[in-house]
Amino acid sequence: LWLLAHYFPPQDPMLAESEQAAWITCATQWLRFCTGILVVGRRVKAAWERFAPGLHVILAEPAVPIVGGHTPPLEGPLRIVSIGNVSPSKFPIEVVQHMARLETRHWQWQVLGEWNSSGSYESLLVAEIARHNLSQHVHFVGYCESTALISIMRQADIYVSPSLFESFGMATAEALSIGLPTLCFDVGDVRHWLGTNAYKSIVELG
């Protein structure tokens, strides 16, 4: 029996300590029946190796083909796109607070991913957006098919990933494969894709 471990939940900074403890207790029990663990990211691999030192942990990174085709319109608003479920780990309210500085600029932000309009976090987020007069700028699209995602990213000016927690960071990798300028937090395996020199240059630029 092999476990496919897409995430290592205790790495999520927004996961409550009680939930972490419950997950660790459960995982410790069922890992006794496993031969090994398949993981999708290098950082996730290191976490699982520390957590289950007696098991084989094998890295199987997703394949991300270079597709190119980034051709945003020359006119119109600055088009920003983000992909991911809207949650405390994936869409920090603090990012919206920083975006308030751009209130008077001409821009549109499409957020693609799971969206629960009646969720407690989503309600807080909508209220924060309204408080900063950004309701005309930020649009929660919800779920999209993969072909639609690629089309939207090719038409965007910049991809923003305000995520605090990733295993691999598939959407960010896809944005980079299209050639879309990308702004993301240092989570998942992004520094491995960029390489040491490119990552160092970005850090030095602040």
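As a convention, each chain's residues are numbered from 1 in the sequence order in which they are written. At least 70 in pLDDT is required for a residue's local features to be given in this predicted model, at least 80 for side-chain atom pairs to be given and counted, and no such filter applies to totals for whole chains, interfaces and linings, which use all residues. Side-chain metrics in this entry use all non-hydrogen atoms of the structure; hydrogen atoms and water are not considered.

### A look at the sheet that holds strand E3 (residues 56–59)
Operational definition: Two strands are said to pair when DSSP picks up at least two bridges between them. Counting from the N terminus, the helices are DSSP H or I runs at least four residues long and the strands are E runs at least two residues long. For helices, the fitted axis covers only the stretch in contact; all axes are lines through C-alpha atoms, and the angles between them, taken along N-to-C directions, range from 0 to 180 degrees. The criterion used for residue contact is that any of the two residues' heavy atoms lie within 4.5 Å.
Strand order in the open sheet made by the three strands is E1-E2-E3, with parallel pairing throughout. A strand with exactly one partner marks an edge of an open sheet, and here the two such strands are strand E1 (2–5) and E3. Neighbour to neighbour, the strand axes of the sheet diverge by 25° on average, direction disregarded. The sheet contacts of helix H2 (residues 42–51) involve E1, strand E2 (36–39) and E3, and relative to E3 the element is tilted by about 180°.

### What about H2?
How we decide: Buried, partly exposed and exposed residues are distinguished by accessible area as a fraction of the type maximum, computed with a 1.4 Å probe on protein chains only: under 20%, between the cut-offs, and over 50%, respectively. For this quantity, the arc is that covered by the directions from the helix axis to the C-beta atoms.
Residues of H2 that are buried: Val-44, Ala-47 and Trp-48. Buried residues of H2 fall within an arc of 95° about the axis and therefore sit on the same side. Check the buried side of H2 and you find it contacts E1, helix H1 (17–30), E2 and E3.

### Some words on the nonpolar core
Under the convention used in this document: Nine residue types can take part in a nonpolar core, namely buried Ala, Val, Leu, Ile, Met, Phe, Trp, Tyr and Cys, and a core is a set of them joined through side-chain atoms within 4.5 Å.
Ranked by internal contacts, the top residues of the largest apolar core, which has 16 residues, are Phe-91, Met-99, Trp-107, Trp-109, Leu-125, Leu-134 and Val-138. Put simply, the parts of the chain that give this core at least two residues each are helix H3 (93–99), strand E5 (107–112) and helix H4 (120–131). In terms of residue count, H3 provides more of this core than any other element does, four residues in total. If we skip the residues at most four places from it in the chain, Trp-109 touches Ile-80, Val-81, Ser-82, Phe-91, Val-95, Met-99, His-137, Val-138, His-139 and Val-160. Ala-5, Trp-23, Leu-31 and Val-39 belong to the second largest nonpolar core, which has 14 residues in total.

### A look at unusual backbone geometry
Even without a glycine there, the phi angle at Asn-133 is positive, about 60°. Along the chain, the position of Asn-133 falls in the loop between H4 and strand E6 (138–142).

### Considering the sheet that holds strand E7 (residues 158–161)
Taken in spatial order, the five strands make up an open sheet running E6-E5-E4-E7-E8, and their pairing is parallel. Among the strands making up the open sheet, the edge pair consists of E6 and strand E8 (182–184). Sheet twist, expressed as the mean angle between neighbouring strand axes with direction ignored, is 20°. In this structure, E7 lies alongside E8, joined through three bridges in parallel fashion. In the strand pairing of E8, Ser-161 is matched with Cys-184.

Note that every value here comes from positions in space, so none of it alone points to a role or purpose.
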